[in-house]
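# Analysis of the macromolecular model
One-letter residues, chain by chain:
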Amino acid sequence: MTAAAVIEARDVSLTFQTADGPVYALSKVNLTVTEGEFVSFIGPSGCGKTTLLRVIADLEQATDGRISVNGMSPQDARLKRAYGYVFQAPALYPWRTVERNVALPLEIMGLDDAAGRIRRNLELVNLAGFEKKFPWQLSGGMQQRVSIARALAFDPKLLLMDEPFGALDEIVRDKLNQQLLELWDRTGKTVVFVTHSIPEAVFLSTRIVVMSPRPGRIIDIIETNFPRTRTLDMRETPEFLAVAHRVREGLKAGHSYED
Amino acid sequence: MKTEAAAVPSLPARGEGQAFPVAVICLVILVVWYIAAIPMNWVVTESKIAAAGGGAADILYYSWNEQRPVIPAPHQIMMELWNAVFMVKPWAVKSLLYHGWVTLSSTLLGFVLGSLFGIALAIAIVHSTFLSKSLMPWIVASQTIPILAIAPMVIVVLGSLGFTGLLPKSLISMYLCFFPVTIGMVKGLTSPDPMQLDLMRTYNASASDVLWKLRFPSSVPFLFTSLKVAVAIALTGAIVGELPTGAVAGIGARLLQGSYYGQTVQIWAALFMGSFLAAGLVWLVGVAERIVLKRMGARP
Ligand SMILES: Nc1ncnc2c1ncn2[C@@H]1O[C@H](COP(=O)(O)OP(=O)(O)OP(=O)(O)O)[C@@H](O)[C@H]1O
Ligand SMILES: [Mg+2]
């Protein structure tokens, strides 16, 4: 049996009507993400990565084309709480402590074992001991980790992550990359991940979607074919470098189109 | 990548290091006041000063100690305040504590009603574009009506319906003070940034969850700012509400009686009592603000 399609986009386009005229944020995007995949979107700033993720999440509506999530419309999927979303900024509620921020989705969805879920997910992002702190008492990277714990708290099968590690230093980023991979491998979640970093994309993904701006579109989709369990040393292997090279070439091609 | 620092409400600055400037201003006001009292009281003091000899000491004595001056000297007001607060029984008709309490009780009732009404109105406005379009002009118009003009009508109409005493005055108070609360709360309830709202969307949160877990907590700093304005206005409203009824009790009644009988010292003492009440109420709201914001994790 083949894995079911979690996300299916057919000729999805999105045009923002702005005061300065239309902005073609997405143009004829075709993409299928199957269950258990780890798909990364990579591309220069403004190429529509966030917009595509938001269309999947029903935070934005496509102006053209068809898209389904779990076989239903993105809206129905959102109403069924099908995904956890990690925003580009932490978006924590400043009047809630760390643990109460993680508790927010649990309160809203009325889930049981809140205490256990909070503890496990804060441990996962290495924030045990910071439960009672308020967001302003944490560094930017710690805040972003809280927001990841919050997205994981209700155990969604689909994770949509918008540059979750963009603000972190290299060491912490490596560490969290590995933990995210372990989590993905262990739980079989489907992950859609936005990044600016080629090594991060190659290390994490089963497939890399290379995007290009004006109009925002997909210019290449690269299968990595690495085993599901990976270590950081893998980044020195020729296979890894070959994939990274192909991604870089794709990004360059997208850029030259612009000039 | 851009990390927007979450909007953390920080606690309002405490009045440290302000004592000196405030004292200087007070001193300047006192000096100007004492000097101004001499020419302003001249019409009533001129003959007495002349009779006493007209020396500098006479001028100062009569200008600052006249029984019914045009403008009383500060120490006369303080004496009157002292006598009316501490030298009579609190429930006596001459006691400013008694009158202060009468006004305070209608102020507090009006303030509570006005704040609740203001908050409820803001919640309604934020949740319905129809209401925000249809109600807002009425709300603004309501504040352009001169309260002194409609206060007598309100009191008379309510009186004929059998409502007398506290309630009509509180209603005028409420009418005046709901406005800043509504304006402040509309701003506060719409203050969450789009990402915080999107987060709620991803959870498919109900409107009441969005209200109580996001919009309302976000609006608390705005709420307290408006409450400080509202509580002072509520006091004004209560005093205004006492004027047209010929009420016998309350700061407003004292002002009115003072002006009937030319008792300027009494008027000023009542005015000061009103100011102290207002300052005390605003201070209390400030204390509540500090406590609440601290609980909500504001930066110290
Ligand atoms: N709400 C909006 N209204 C108008 N234009 C928008 C809106 N949101 C995004 N855009 C435009 O759509 C394009 C794609 O934006 P998007 O945020 O998806 O880029 P991105 O790839 O996520 O960039 P970055 O890497 O900087 O986050 C940009 O040109 C942006 O200006
Ligand atoms: Mg983006």
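Thresholds, definitions, all that
- Residues numbered from 1 in each chain as written.
- Chains lettered and ligands numbered in written order.
- Predicted model: local features only at pLDDT ≥ 70, side-chain atom pairs only at ≥ 80, totals over all residues.
- Heavy atoms only, no water.
- Donors = N, O, S within 2.8 Å, 3.2 Å for Na, K, Ca; no water.
- Helix = DSSP H or I, 4+ residues; strand = E, 2+ residues; numbered from the N terminus.
- Domains from an automatic or database assignment.
- Contact = heavy atoms within 4.5 Å.
- Salt bridge = Lys/Arg side-chain N within 4 Å of Asp/Glu carboxyl O.
- Polar contact = N/O pair within 3.5 Å; in protein donor to acceptor, adjacent residues only side chain to side chain.
- Nonpolar A, V, L, I, M, F, W, Y, C, P; charged D, E, K, R; others polar.
- Near = heavy atom within 4 Å.
- Areas by Shrake-Rupley, 256 points an atom, 1.4 Å probe, with all protein chains shown as cover.
- Pairing = 2+ DSSP bridges.
- Axes fitted to C-alpha atoms, helices over the stretch in contact; angles between N-to-C directions.
- Expected span 1.5 Å × (residues − 1).
- Buried < 20%, exposed > 50% of the residue type's maximum accessible area, 1.4 Å probe, protein only.
- Buried area = accessible area lost by both parts, 1.4 Å probe.
- pLDDT = per-residue confidence, 0-100.
- Phe/Tyr/Trp six-rings, centres within 6.5 Å; stacked < 30°, edge-to-face > 60°.
- Lys NZ or Arg CZ within 6 Å of the ring centre and 35° of its normal.

## What to know about the coordination of the magnesium ion (ligand 2)
The coordination sphere of the magnesium ion (ligand 2), as far as protein atoms go, consists of A:T50 (OG1) and A:Q88 (OE1), spread over 1.9 to 2.6 Å. Taken together, the residues span a long stretch of sequence, with A:T50 in helix α1 (residues 49-56) and A:Q88 in the loop between β5 (83-86) and α3 (98-109) at a distance of 38 residues.

## Section: the domain arrangement of chain A
Residue and element names in this part refer to chain A. Each assigned domain of chain A is listed here: domain 1 (5-82 + 158-253) and domain 2 (92-155). Listed by partner, the interface residues are 14 residues for domain 1 and 12 residues for domain 2. The salt bridge partner of K189 is D155, with a shortest N-O separation of 2.6 Å. Taken together, domain 1 and domain 2 are joined by 2 residue pairs in polar contact (both at pLDDT 80 or more). Its residues assigned to classes, the side of domain 1 that touches domain 2 comprises 8 nonpolar, 1 polar and 5 charged.

## Here we look at the site of ligand 1
All names here are of chain A. Neighbouring ligand 1 are 14 residues; S45, G46, K49, T50 and T51 lie closest to it. In the environment of ligand 1, an oxygen atom lies 2.9 Å from a nitrogen or oxygen atom belonging to the side chain of Q88. In the complex, 67% of the free accessible area of ligand 1, which totals 640 Å², lies under the protein chains.

## Considerations on the sheet that holds β5(A)
Residues and elements named next belong to chain A. Across the sheet, which stays open at both edges, the 6 strands sit in the order β5-β6-β7-β3-β8-β9 with mixed pairing between neighbours. For this open sheet the edge positions go to β5 and β9 (217-223), each flanked by a neighbour on one side alone. Here the strands of the sheet are splayed against their neighbours by 15° on average, with no regard to which way each runs. Bridge count for β5 against strand β6 (residues 158-162) is 4 bridges, and the pairing is parallel. Its bridge partner being in β6, Y83 is matched across the sheet by L158. Strand contacts of helix α6 (residues 170-187): β3 (38-42), β6 and β7 (190-195), with the helix running at about 160° to β7, the strand carrying the most contacts.

## Description of α6(A)
Residue and element names in this part refer to chain A. Between its terminal C-alpha atoms α6 stretches 25 Å, which fits the 26 Å expected from 18 residues at 1.5 Å a residue. Taken together, the buried positions of α6 are occupied by R173, D174, L176, N177, Q179, L180, L181, L183 and W184. Two residues or fewer after α6 comes G188, characterised by a positive phi angle close to 70°.

## A closer look at the interface of chain B and chain A
Between chain B and chain A, the contact holds 28 residues from the first and 31 residues from the second. Our count for the chain B to chain A interface comes out at 3 salt bridges. For A:D58, the salt bridge identified is with B:R201, shortest N-O distance 3.8 Å. At the level of elements, α9 (194-202) and α10 (207-242) of chain B are the ones that each hand at least two residues to the side of chain B that touches chain A. Top element by residues in the side of chain B that touches chain A is α9(B). It accounts for 7 residues. For the side of chain B that touches chain A, the per-class residue count stands at 14 nonpolar, 6 polar and 8 charged.

## Looking at the domain arrangement of chain B
All names here are of chain B. Under the domain assignment used here, chain B contains domain 1 (11-71) and domain 2 (72-295). Measuring from the centre of the C-alpha atoms in domain 1 to the corresponding centre in domain 2 gives 32 Å. At the junction of the two partners, domain 1 supplies 14 residues and domain 2 supplies 17 residues. Contact between domain 1 and domain 2 buries roughly 1,400 Å² in total, counting both sides, with carbon and sulfur atoms accounting for 57%. On the surface where domain 1 and domain 2 come into contact, there are 0 salt bridges. Our count for the domain 1 to domain 2 interface comes out at 7 residue pairs in polar contact (both at pLDDT 80 or more).

## A look at the confidence of the model for chain B
For chain B, per-residue confidence averages 89 on the pLDDT scale, and residues scoring 70 or more make up 94% of the total. The spread of mean pLDDT over the elements of chain B runs between helix α7 (residues 147-160) of chain B, the lowest at 83, and α9(B), the highest at 96.

## Some remarks on the packing of aromatic side chains
Summed over the entire model, instances satisfying the criterion amount to 17 aromatic pairs over all chains. When the ring of B:W82 is compared with that of B:F86, the centres are 4.6 Å apart and the planes differ by 50°; the resulting orientation is tilted. One end of the pair, B:W82, and the other, B:F86, are both in helix α4 (residues 74-86), 4 residues apart, so they sit about a helical turn from each other. Ring geometry for B:F117 and B:F178: centres 5.1 Å apart, planes at 65°, overall edge-to-face. With B:F117 in helix α5 (residues 96-127) and B:F178 in helix α8 (residues 166-189), this residue pair connects regions lying 61 residues apart in the sequence. Using a relative accessible area of 36% as the deciding quantity, one classes B:F117 as partly exposed. You can call B:F178 buried: its relative accessible area is 5%. Connected via pairs of aromatic rings, a cluster forms that spans A:F38, A:F165, A:W184 and A:F193. Over the aromatic face of A:F203 sits the side chain of A:R235, whose NZ or CZ is 6.0 Å from the ring centroid.

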